[in-house]
Amino acid sequence: MWVSSAPLRISLAGGGTDLPSYARRFGGTVLGATIDLRVTVVGREGPSGSGIRVCLDSCGRPETVHRIANPYAREAVRRHWRGGPLELASFGDVPGGTGLGSSAAFCVALTAGLAQPSPTGAALAEAASDIEMTGLGRPVGRQDHYLAALGGFRLLHFANDGGVETEDVEVPGATRHRLDEELLLFFTGTTRDTGSVLADQHTRVDRGDADTERRLHEIKDMVPPAVAALRNGDPATLGRLLGRHWELKRELGRRVTSPGVDRAYQHAVEAGAIGGKLLGAGGGGYLLLYTEVAAQPDVRAAMAALGLAEQPFHFDFAGASLTRLPAASVTTDTRRVNH
């Protein structure tokens, strides 16, 4: 039996420039960080003759691997399971399709548990991202998989040749405390499929749309000042950059925003939020708002009036983890797989 988990993430700057349609032409750079909300997968070899049993989106006993309903699990099991009876279950701290990288975290956790031997670090991120990008043909990037596998505040550089370089970002403790206190997260109440939202951006970049490219160039250019704001203890500047990021991002595709999201963001700014953006591809999910302490009661009241529930979180440095429980033994083999 094994238990694996991987963290969700918040993209702070450069989001969207990791998509292959952009990164293969111009190179992409993303600044992101992991949080203390996670996706957990439990798996074990089932009893002899029991076949496959999965409790993911729903519970069932598919006759073959190819009949597993969840596409991520189906592709991961097809690639990494060595055969025989299998039982799988998963648990998430937030709903899927909400912009926090849950599908990538699920793929990372699932790959860590299924693959023998289990890959670690960048190899784990690559194996998990290949499930989505190659196996399922989804128009997504790899920032979520790398953050879920490695954890922490990280700069990710996506080269034209497909290579990825990672860099730790040292954030002073006082600044991390302010970020924990002053970044607020609210659920818009809607979920979406990341691939369908990103498809429009992918198409525009693929056909050389100059306005889309210009916006992504400016989004990428925000990464150095965002990193400087973190390192120099200036989170308010980061908050303003989040706002500018959202102004650019909301024009990247038809499905990035909605009238309800625009209304919520406008009310938040009027109530005192310095800046913010929808996380992930957009289209719904979680709205991140940088709000100094004095303005937080008004911002919370404005969001509550619109029916947006707050999601508490803190930044966390733990990447993917794996615990194996040997059969007929109470001894555990627990190790981190983000190194």
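Residues numbered from 1 in each chain as written. Predicted model: local features only at pLDDT ≥ 70, side-chain atom pairs only at ≥ 80, totals over all residues. Heavy atoms only, no water.

**Digging into the overall build of the protein chain**
Stated formally: Only runs of H or I of at least four residues qualify as helices and only runs of E of at least two qualify as strands under DSSP, and these elements are numbered from the N terminus. Buried residues are those whose accessible area, probed at 1.4 Å on protein chains only, stays under 20% of the maximum for their type, while exposed residues exceed 50% and partly exposed ones sit between those limits. Contact definition: two residues touch when any of their heavy atoms are within 4.5 Å. Accessible areas in this description were obtained via Shrake-Rupley with a 1.4 Å probe; residue shielding takes into account the shown protein chains only.
The number of helices and strands found in the protein chain is 12 helices and 13 strands. Structurally, the protein chain occupies a C-alpha span of about 60 × 45 × 35 Å along its principal axes. Within the protein chain, buried positions represent 54% of all 339 residues. For the protein chain, the proportion of contacts with a sequence separation of at least 24, taken over those separated by at least 6, is 74%. Counting only carbon and sulfur atoms, one obtains 50% of the accessible surface of the protein chain, whose full area is about 13,700 Å².

**Concerning the state of the cysteines**
Quick reminder of the rule: The definition used for a disulfide is geometric: two cysteine sulfur atoms within 2.5 Å.
Evaluated as defined, the whole model comprises one disulfide. Here Cys55 engages in a disulfide with Cys59; their sulfurs sit 2.1 Å apart. In this structure the cystine formed by Cys55 and Cys59 twists about its S-S bond by roughly 120 degrees; its chirality is therefore right-handed. Residue Cys59 is classed as exposed on the basis of its relative accessible area, which comes to 55%. Unpaired in this structure, Cys107 has its nearest cysteine sulfur neighbour in Cys55, at a distance of 19 Å. Exposure remark for Cys107: the relative accessible area of 1% places this residue in the buried category.

**Things to note about the pattern of salt bridges**
Selection criterion: A pair is scored as a salt bridge if a Lys or Arg side-chain nitrogen falls within 4 Å of a carboxyl oxygen belonging to Asp or Glu.
In this structure the tally under the stated criterion is 19 salt bridges. Here Glu213 and Arg25 are joined by a salt bridge, their closest N and O atoms 2.8 Å apart. Taken together, the residues span a long stretch of sequence, with Glu213 in helix α8 (residues 210–221) and Arg25 in helix α1 (residues 20–26) at a distance of 188 residues. For Arg25, a relative accessible area of 41% puts it in the partly exposed group.

**Comments concerning empty space enclosed by the protein**
With a probe scaled to a water molecule rolled over the atoms, the places where space remains empty come into view. Stated formally: Points on a 1 Å grid over protein atoms alone make up a cavity when a 1.4 Å probe fits among them but cannot get out, and a pocket when they form an open set with protein on both sides within 12 Å along at least five of seven lines; lining residues each have an atom within 4 Å of a point. Grid points are joined across faces, edges and corners, and a volume is the space filled by probe spheres set on the points.
Following the criterion strictly, the structure yields one cavity of 30 Å³ or more and no others. Estimated volume of the largest cavity: approximately 70 Å³. Along the walls of the largest cavity sit Asp18, Pro20, Ala23, Arg24, Met133, Gly141, Arg142, Phe158, Ala159 and Gly162, which together make up its complete lining. Considering each element in turn, the lining of the largest cavity owes the most residues, three residues, to α1.

**Some thoughts on the packing of helix α3 (residues 102–114) against helix α5 (residues 143–150)**
Inclusion rule: Between N-to-C directions, angles span 0 to 180 degrees; the directions come from axes that are lines fitted to C-alpha atoms, helices contributing only their stretch in contact. Any angle between 65 and 115 degrees counts as roughly perpendicular, while under 35 counts as roughly parallel, over 145 as roughly antiparallel, and the rest as oblique. Note: crossing handedness is left-handed where the near helix turns anticlockwise from the far helix by less than a right angle, and right-handed where it turns clockwise.
Their axes nearest at 8 Å, the elements α3 and α5 cross at an angle of 50 degrees. In terms of axis orientation, α3 runs oblique to α5. When the axes of α3 and α5 are compared, the crossing they make is right-handed. Here Ala104, Ala105 and Val108 of α3 come into contact with α5, specifically with Asp144, His145, Ala148 and Ala149.

**Remarks on unusual backbone geometry**
The peptide bond linking Gln116 to Pro117 adopts the cis configuration, its omega dihedral lying at -5 degrees. Among the structural elements, Pro117 can be located in the loop between α3 and α4 (121–135).

**Observations concerning the packing of aromatic side chains**
Operational definition: Pairing of aromatic side chains requires ring centres within 6.5 Å, counting the rings of Phe and Tyr and the six-membered ring of Trp. Pairs whose planes differ by under 30 degrees are stacked, by over 60 edge-to-face, and all others tilted. Geometrically, a charge over a ring is one whose NZ (Lys) or CZ (Arg) sits within 6 Å of the ring centre while staying within 35 degrees of the ring normal.
Considering all chains together, one arrives at five aromatic pairs under this definition. When the ring of Phe153 is compared with that of Phe317, the centres are 5.9 Å apart and the planes differ by 50 degrees; the resulting orientation is tilted. Of this pair, Phe153 sits in strand β6 (residues 153–158) while Phe317 sits in the loop between β11 (309–310) and β12 (321–324), and the two are 164 residues apart along the sequence. For Phe153, a relative accessible area of 3% corresponds to the buried category. Look at Phe313 and Phe315: their rings are 5.6 Å apart centre to centre, the planes differ by 80 degrees, and that puts the pair in the edge-to-face class. With respect to class, Phe313 is no different from Phe315; both count as buried. Looking at Arg82, its charged tip hangs above the ring of Trp81, at a distance of 5.4 Å from the centre.

**A short note on the nonpolar core**
Test applied: The criterion is simple. A nonpolar core is a set of buried Ala, Val, Leu, Ile, Met, Phe, Trp, Tyr and Cys residues joined through side-chain atoms within 4.5 Å.
In terms of nonpolar packing, the biggest core is built from 79 residues, with Leu31, Leu110, Phe153, Leu230 and Phe313 touching the most fellow members. The leading source of residues in this core is α3, at eight residues. Setting aside residues no more than four positions away along its own chain, Phe313 makes contact with Ile10, Ile35, Asp36, Leu37, Asp180, Leu183, Leu185 and Leu288. In terms of nonpolar packing, the next biggest core, distinct from the first, is built from 17 residues, Leu184, Phe186, Ala271 and Ala302 among them.

Purely spatial values, then, with no claim about function.
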